[in-house]
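Architecture at a glance
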Amino acid sequence: MYFCRKKVSRYILKRLGYGLLVMFGVITLVFFLFTVLPSDPARMMLGQRTDLETESAIRKELGLELPIGIQYLGYLNDLSPISWYKTKDTGSFFYLNSNNYQFVKIISFSNSTLVLKKPYLRRSFQSKRLVSEMIVEALHKEGVKVVFGYPGGAIMNVYDEIYKQNYFRHILTRHEQAAVHAADGYARASGDVGVAFVTSGPGFTNAVTGLATAYMDSIPLVLISAQVPITMIGTDAFQEIDAVGISRPCVKHNYLVRTVDELPRILKEAFYIARSGRPGPVHVDIPKDVTAAIGKFTYPNDITMQTYKPNYKGNTRQIKKAVEAIYEAKRPIFYIGGGVINSNAAEEVRELIKLLDIPVVETLMARGVMPNNNKLLLGMVGMHGNYASNMAMSETDLMISLGVRFDDRVTGKLSEFAKHSKIIHVDIDPSSIGKLVDVAFPIVGDIKNVVSSMLEIVKEKQNNNKKHKDWRDLLSKYKEIHPLSYNDSEKVIKPQWVIEQIGKILKDEATITTDVGQHQMWTAQFYPFSYPRQFITSGGLGTMGFGFPAAIGVKCAVPEKISINVTGDGSILMNIQELMTAVESNIPVINIILNNNFLGMVRQWQTFFYDKRYSSTDLSAQPDFVKLAEAFGGVGYKVTTKKEFDKALKDAIKSNKVAMIEVSVDRLENVLPMVPTGGTLYNMMLEYKE
Ligand SMILES: Cc1ncc(C[n+]2csc(CCOP(=O)(O)OP(=O)(O)O)c2C)c(N)n1
Ligand SMILES: [Mg+2]
């Protein structure tokens, strides 16, 4: 019995001992978890989360086996208090916030404030991330190098992330319209998608003209605007406006982001839609609470949209038929437009034109596709087109139309347009084919692909040379009898002379943007463009105020070229505040103002069609443009005689600063030839007599 009791008590003691041991172990573990680990920054970084995968990723990346030693309390840009840590091993600093950590370079300490260089490395490890951070990263993944924008209340979360990143450059314009035009200029010059950011309400409404401008000229652009929080939409909240409702008619597509989950897909689609098919602007409106939400971020690599599948190839049978028609034609003409530039097809188009030896006319948007000295180039077509171009369009029997849209400024009176001609129309956008004219050979496809296919067929066939000799001779005669010309003068500076002079000095060293008006037409007529994307202008919408901000975007895209904006005394004042953007961001654009003291183009119409009643077009009241440039920190030159011009231009280039060259030109010069609105292409006004 005694033995039995002893055995039992030993047994109990043993069990108790094990129990105690286990209890002790548990207490130690809990103590470790709650005291030792939290002082380990890698764990603190995770806050309350215990995502072990994330933790080990952070440790691995930091090379941290041991907790980090020194902690500082400081301020990020004197605003938000933040904890700083120094790694023991590498000695680099990083700070923690709720969503990520960043390595930073410390320049100095003052009063417990860390003065920092911008973060030079940033990594996020949490699988869940702040939406604003996702936006920044999505842009990076899309290859965005520069964005233009203007902040405000609703978009602050996004701007906070823009501040932290170093993937792309953000250029602060001084007006939202200018931000979109700058992104547009960037896109036109680079061929990439332009990106702009604006805030809700007035920020967005200011951007609308930019969207419409890009839409009319088929320019790839993504505009990200912020919206009031979802819960406040429809309450007439402060700075609330129905942005997608407003943008709908002037964008290729738009989105209102409602949940975090749909954001990656929407951003991917936005870039895809903007740059694919017929390019155009896409607007993404993101409510403020969505920008502040946290979610999972997996940016898609590919995209499949069931209902949007541009056809790039072009129908082989149609292409063959079209080529046959070209060989049968007696008076064929190439009519080429902005679509050729959008599809980067200039090289192929030049080759096809050369092989077929067929004359070519360019729309305003296609200037530069053909080098100016090319013998087959007749020049610009349409309202202010050359005599030979417009006559060629009127007398042709086959119009080979590539990337054009039969704009009324080209066709004149539609019922009289191309009456003797069959039409081949190649365009990526099926809805543009047959919209205004009957098309005998419609080909839906990318011009680069379709023209390449045409080239293959043409190369197999015999040379077409000499076939159209009579036709070419006739057009040469037209060119000879009514060349593009003007009456130069020694008393006043003729605006056309200024354009020719810029061309002589800079040739293909410059990209040229313009505003809208007479100066725009003279630039299109008289500058010797030699490559695509050299001439950048607002064609479809005809937006005064486009030129200067667009030139800023152009300079960002092609910094190696001199960026010239040819503008008018009316247009330049529409976005004059961009002097500050260009000065601050060190973007040396040269504005050449053809100052006629008039809203010249409107004045010209008043002269021709309104009996010279110059209603509200006299711009005698003017600022001092030189002082204006200087006030912003740029350089200014006033040119009143021909001989001053070259020096002013050369000095402006040498200064490498933002410049304004004001040239006083003949006040009453007109743009000719002119097809009056509603007139026929072959009835051009060739001169104006009082
Ligand atoms: C935003 C905007 N408002 C009005 C017009 C109408 N418009 C077309 S040309 C023009 C005159 C432009 O004057 P200026 O910039 O001095 O150029 P100029 O014709 O004298 O060379 C106007 C008012 C426009 N195209 N865009
Ligand atoms: Mg003017």
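Residues numbered from 1 in each chain as written. Chains lettered and ligands numbered in written order. Predicted model: local features only at pLDDT ≥ 70, side-chain atom pairs only at ≥ 80, totals over all residues.

Brief notes about the overall build of the protein chain
Rules: Secondary structure is summarised from DSSP: a helix means a run of H or I of at least four residues, a strand means a run of E of at least two, and numbering begins at the N terminus for each. Whether a residue is buried, exposed or partly exposed follows from its count of other C-beta atoms within 10 Å of its own C-beta, namely 20 or more, 12 or fewer, or something in between, respectively; the C-beta atoms are built from the backbone. Two residues qualify as a contact pair if the distance between their C-beta atoms, derived from the backbone, is within 7 Å.
A tally of helices and strands in the protein chain yields 24 helices and 27 strands. The burial tally for the protein chain puts 47% of its 690 residues in the buried class. Considering only intrachain contacts with a sequence separation of at least 6, the fraction spanning at least 24 residues in the protein chain is 72%.

What about the nonpolar core?
Inclusion rule: The nonpolar core criterion groups buried Ala, Val, Leu, Ile, Met, Phe, Trp, Tyr and Cys residues into a set whenever they are joined through C-beta atoms within 7 Å.
In this structure, Ala196, Val222 and Ile661 are the most contacted members of the largest nonpolar core, which totals 179 residues. Per-element tally for this core: the top contributor is helix 6 (residues 176-190), with eight residues.

A short note on the site of ligand 1
We apply this condition: Using a C-beta atom placed from the backbone for every residue, we mark a residue as near a molecule or strand if that atom lies within 6 Å of it.
In the region of ligand 1, 20 residues are neighbours, and Gly517, Gly568, Gly570, Ser571 and Gly600 sit closest. The element best represented in the shell around ligand 1 is helix 22 (residues 600-609), accounting for three residues.

Things to note about the environment of Pro202
Here Pro202 lies in helix 7 (residues 202-216). Its 13 C-beta neighbours within 10 Å are what place Pro202 among the partly exposed residues. In sequence terms Pro202 and Gly152 are 50 residues apart; their C-alpha atoms lie 9.6 Å from each other.

A closer look at the sheet that holds strand 26 (residues 635-639)
Hydrogen bonds between backbone atoms are what pair the strands of a sheet, whose relative direction is either parallel or antiparallel. Quick note on the threshold: Strands were regarded as paired on the criterion that DSSP finds at least two bridges between them. Working convention: axes come from line fits to C-alpha atoms, limited for helices to the stretch in contact. Angles between N-to-C directions cover 0 to 180 degrees.
As summarised here, the arrangement of the six strands in space is 23-22-24-25-27-26, forming an open sheet in which the pairing is parallel. If you trace the sheet from one side to the other, it starts and ends with strand 23 (535-536) and strand 26, each paired once. Of the pairings in the sheet, the one linking strand 24 (residues 562-568) to strand 25 (residues 589-595) comprises six bridges and is parallel in character. Residue pairing for strand 25: Val566 is matched across the bridge by Ile592. Packed onto the sheet, helix 18 (residues 495-506) meets strand 22 (510-514), strand 24, strand 25 and strand 27 (659-664) and runs at close to 155° relative to strand 25.

Here we look at helix 13 (residues 346-356)
Residues Ala346, Glu348, Val349, Arg350, Leu352, Ile353 and Leu356 constitute the buried set of helix 13. Asp357 sits one or two residues past helix 13 and shows a positive phi near 60°.

Here's the deal with the confidence of the model for the protein chain
Stated formally: The predictor's confidence in any single residue is recorded as pLDDT, a number from 0 to 100.
Per-chain confidence: the protein chain averages 87 in pLDDT, with 83% of residues scoring 70 or above. The low-confidence segment residues 63-127, where pLDDT is below 50, has 107 contacts with residues more than four positions distant or belonging to other chains.

Considering the pairing of strand 9 (residues 146-149)
Regular strands place their side chains on alternate faces of the sheet. Just so we agree on the cut-off: The crossover handedness rule: strands pointing away from the viewer, path from first strand over the helix to second strand clockwise, crossover right-handed.
Two elements, strand 9 and strand 10 (residues 169-172), share four bridges in a ladder whose sense is parallel. Across the sheet, Val146 pairs through a bridge with Arg169, a residue of strand 10. Taken together, strand 9, helix 5 (residues 156-164) and strand 10 form a β-α-β motif whose crossover is right-handed. With two bridges joining them, strand 9 and strand 11 (residues 194-198) adopt parallel strand pairing. Among the inter-strand pairings, Phe148 is bridged to a residue of strand 11, identified as Ala196.

Some points on the packing of helix 11 (residues 316-328) against helix 16 (residues 447-460)
As a reminder, the rule being used: Each angle receives one of four descriptions, namely roughly parallel if under 35 degrees, roughly antiparallel if over 145, roughly perpendicular if within 65 to 115, and oblique otherwise. It is the rotation of the near helix from the far one that decides the hand of a crossing: anticlockwise by less than a right angle makes it left-handed, clockwise makes it right-handed.
Packing of helix 11 against helix 16 leaves a shortest axis separation of 10 Å and a crossing angle of 55°. Taken as axis vectors, helix 11 and helix 16 run oblique relative to one another. Crossing of helix 11 over helix 16 shows right-handed handedness. The segment helix 11 lies against helix 16, with Thr316, Ile319, Lys320 and Val323 engaging Val450, Ser453, Met454, Ile457 and Val458.

Let's talk about the sheet that holds strand 21 (residues 441-444)
On the basis of which strands lie adjacent, the open sheet formed by six strands has the order 18-17-16-19-20-21 and parallel pairing. If you trace the sheet from one side to the other, it starts and ends with strand 18 (377-380) and strand 21, each paired once. Taking the axes of each pair of neighbouring strands and ignoring which way they run, one obtains an average angle of 15° across the sheet. In this structure, strand 16 (residues 332-336) lies alongside strand 17 (residues 360-362), joined through three bridges in parallel fashion. Following the sheet pairing, Ile336 is matched in strand 17 by Glu362.

What about helix 14 (residues 387-395)?
Burial analysis of helix 14 places seven of its nine residues in the buried class, the great majority of the element. Every buried residue belonging to helix 14 is among Tyr387, Ala388, Ser389, Asn390, Met391, Ala392 and Met393, and all of these are buried. Its buried side turned inward, helix 14 meets strand 16, strand 17, strand 18 and helix 17 (469-481).

A few points about the pairing of strand 13 (residues 253-256)
Where strand 13 meets strand 14 (residues 281-287), four bridges bridge the pair, whose relative direction is parallel. Across the sheet, the residue bridging to Tyr255 is Val284, located in strand 14. In this fold, strand 13 hands off to helix 9 (residues 263-275), which returns the chain to strand 14; that crossover is right-handed.

A few points about the packing of helix 6 against helix 7
Each pair of packed helices can be summarised by the angle the axes make with each other and by the distance between the axes. The following threshold applies: Residue type decides the class: Asp, Glu, Lys and Arg count as charged, Ala, Val, Leu, Ile, Met, Phe, Trp, Tyr, Cys and Pro as nonpolar, and the leftover types, Gly among them, as polar.
Interhelical geometry of helix 6 versus helix 7 gives an angle of 30° and a closest axis separation of 7 Å. The pairing of helix 6 with helix 7 is recorded here as roughly parallel in orientation. For the crossing formed where helix 6 meets helix 7, the hand is right-handed. Mapping the contact onto sequence places Glu176, Gln177, Ala179, Val180, His181 and Asp184 in helix 6 and Gly203, Asn206, Ala207, Thr209, Gly210, Leu211, Thr213 and Ala214 in helix 7. Looking at the contact of helix 6 with helix 7 residue by residue, the classes come out as five nonpolar, seven polar and two charged.

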